[in-house]
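Spelled out, the chains give:
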Amino acid sequence: MFDLITIGRSNMDLYSSDIGADFVDATGFIPQVGGSPTNIAIGTAQLGLKSAALTAVGHDLVGDYILHYLQRKGVDISLVKRKAGLSSLALLGVQPPDHFPLLFYRENPPDIWLTIDDLPDLRQTRAFLISGTALARGTCAEATMYAAEEAQQLDCTTYLDLDLRPDQWTHTMGFGIAMRQIIPMVDVVIGTEEELWAAINRDPAGWHGHEAITPIERAEVEEWIRERCAAPGQPQTIVLKRGKAGVTIFETGQQALDVPGFPVEVLNTVGAGDAFASGLIFSRVHGRSWFDSGRFANACGAVVVTRHGCAEAMPSLSEVTQFMENYE
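Bear in mind the structure is a predicted one, so any value in this text is a computation, not a measurement. (Residues numbered from 1 in each chain as written. Predicted model: local features only at pLDDT ≥ 70, side-chain atom pairs only at ≥ 80, totals over all residues. Heavy atoms only, no water.)

Caption draft 1: Representation of helix α9 (residues 317–327) in the model. Taken residue by residue, α9 has V320, F323 and M324 as its buried positions. Buried residues of α9 fall within an arc of 95° about the axis and therefore sit on the same side. Turned more than 90 degrees from where α9 packs its buried face, S318, E325 and N326 sit exposed. Contacts made by the buried residues of α9 are with α1 (36–47) and α8 (290–305). (Buried < 20%, exposed > 50% of the residue type's maximum accessible area, 1.4 Å probe, protein only. Helix = DSSP H or I, 4+ residues; strand = E, 2+ residues; numbered from the N terminus. Arc of directions from axis to C-beta. Contact = heavy atoms within 4.5 Å.)

Caption draft 2: Quick peek at the packing of helix α5 (residues 193–200) against helix α6 (residues 215–230). Direction vectors running N to C along α5 and α6 enclose 75°, while the axes themselves pass 10 Å from each other. Judged by the angle between their axes, α5 and α6 are roughly perpendicular. Across the interface between the two elements, E193, L196, W197 and I200 from α5 touch E217, R218, E220, V221, W224 and I225 from α6. Broken down by class, the residue content of the contact of α5 with α6 amounts to six nonpolar, no polar and four charged. (Axes fitted to C-alpha atoms, helices over the stretch in contact; angles between N-to-C directions. Parallel < 35°, antiparallel > 145°, perpendicular 65-115°, else oblique. Nonpolar A, V, L, I, M, F, W, Y, C, P; charged D, E, K, R; others polar.)

Caption draft 3: How the structure looks around the side chain of K83. With respect to the secondary-structure elements, K83 resides in strand β6 (residues 81–83). Taking the relative accessible area as the measure of exposure, K83 reaches 18% and is therefore buried. Engagement of the side chain of K83 in a polar contact is seen with the backbone oxygen of W113, the distance being 3.5 Å. (Polar contact = N/O pair within 3.5 Å; in protein donor to acceptor, adjacent residues only side chain to side chain.)

Caption draft 4: Looking closely at the sheet that holds strand β7 (residues 88–92). Strand order in the open sheet made by the four strands is β3-β2-β7-β8, with mixed pairing throughout. Sheet topology places β3 (29–34) and β8 (102–105) at the edges, where each strand pairs with a single neighbour. Recorded for the sheet is a direction-independent mean angle of 20° between the axes of neighbouring strands. When strand β2 (residues 11–16) meets β7, the two strands line up parallel, connected through five bridges. Of the residues in β7, the one forming a bridge with M12 is L89. Helix-sheet contacts for helix α2 (residues 61–72) involve β2, β3 and β7, and the interaxial angle to β3 is about 70°. (Pairing = 2+ DSSP bridges.)

Now the structure itself:
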């Protein structure tokens, strides 16, 4: 029995070893493993959950590296498939605190070709995490939709991390179309204001990507959240990430819950959202309240932004506990 299965992309990440240097001046790169859902598998495993990554890699050395790395981090790899094509690769510059040039090599990565036949029996997991990008390309999109439908029928909490990656969609409006289809199938939606706006916006002229939304758009996002939480057949909980301001949790039948963040000196924002999701899912699997879960998730994100790297920065349970104790 797993505590969590994640579905979606995986890649080998190469981080510039020259902190602060322009990408063109990089003299070396440090390898890690990335891809939002795979990071969450790593993050939850670091905290102590029994987590499995449902993804695919190629029959190549990069695929070998990804599998070896996941095993080293305590992630179950029994669900990882090996398929034709080159494993995904990402190169990142590191210019703290918030500039991290990113280049994907994902022309035809194996993870977009997961199929319905590759899906495990979801009765063997307590929680299931869907990455929004899993719906962008290939047969993985239909496999993910099928899995979401199956999970609806089971005693399995389904999380959707919106995970907006504009360059992975053939059209800017494709993200919103897919998210509006899958949101009614899940229990918990996790996203930033910008991601939620991209999910609900139907006007190409209103597309911002990851750029800050306007106050009017922010009000529309919150109104949409309240309507969805009140409507039958919609997610029970929507978790709105607000960066350093913390998180607001909207739960069906409850008042909106504001959970404060932790003020820290930011070195690197890459991976903060994945650490947040890891902490949230870990807490909910262990039966914690939404406030306590949001607080613990905020702490996980805060720890990660004080470190360089992403998967390597994911904290252990003792590290998060110590961080919270020191803060309080």
